[in-house]
Amino acid sequence: QVQLVESGGGLVQPGGALRLSCVASGSFFRIYAMKWYRQAPGNQRELVAEIGSGDTTEYTDSVKGRFTISRDNAKNTGYLQMNSLQPEDTAVYYCNADIRPTAWGQAYRYWGQGTQVTVSS
């Protein structure tokens, strides 16, 4: 059973930083793209950043220059470094990854349970 578990959320003051982690556990063959989404109360879930299996990255405009997505394939872990956090970054952050459970099968999309990030003074 493949699972994604996020960690690293919390309460931080405006201008502060947090690093989120997303660990894939269980038995699987390969992880492809990894993405971070967020959902604030009353809003739709939005894509924040993504990193491909070749380490290409993309960001939504509102976080460019402040957030950095990365991955450590040896640890089956993705990261989201968030700097210069602002109150509007407050949301539940979700990890998402395309994972192929076996070498001969297709890849599936998995979601983590989410981690709360609150930016407030």
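Refer to the structure printed above.
Residues numbered from 1 in each chain as written. Predicted model: local features only at pLDDT ≥ 70, side-chain atom pairs only at ≥ 80, totals over all residues. Heavy atoms only, no water.

### What about the packing of aromatic side chains?
Each aromatic ring pair is characterised by the separation of its centres together with the angle its planes make. Applying the stated rule across the entire model yields two aromatic pairs. Here the aromatic rings of Tyr94 and Trp111 are separated by 6.5 Å at their centres, their planes lie at 80°, and the arrangement is edge-to-face. Pair noted here: Tyr94 is in strand β9 (residues 91–100) and Trp111 is in strand β10 (residues 108–111), with a separation of 17 residues, a long-range link. Judged by its relative accessible area of 14%, Tyr94 is buried. Taken together, the ring pairs connect Tyr37, Tyr94 and Trp111 into an aromatic cluster. Here the basic side chain of Arg45 rests over the ring of Tyr94, its NZ or CZ set 3.7 Å away from the ring centre. Sitting above the plane of the Trp111 ring, Arg45 keeps its charged end 4.8 Å from the centroid. (Phe/Tyr/Trp six-rings, centres within 6.5 Å; stacked < 30°, edge-to-face > 60°. Helix = DSSP H or I, 4+ residues; strand = E, 2+ residues; numbered from the N terminus. Buried < 20%, exposed > 50% of the residue type's maximum accessible area, 1.4 Å probe, protein only. Lys NZ or Arg CZ within 6 Å of the ring centre and 35° of its normal.)

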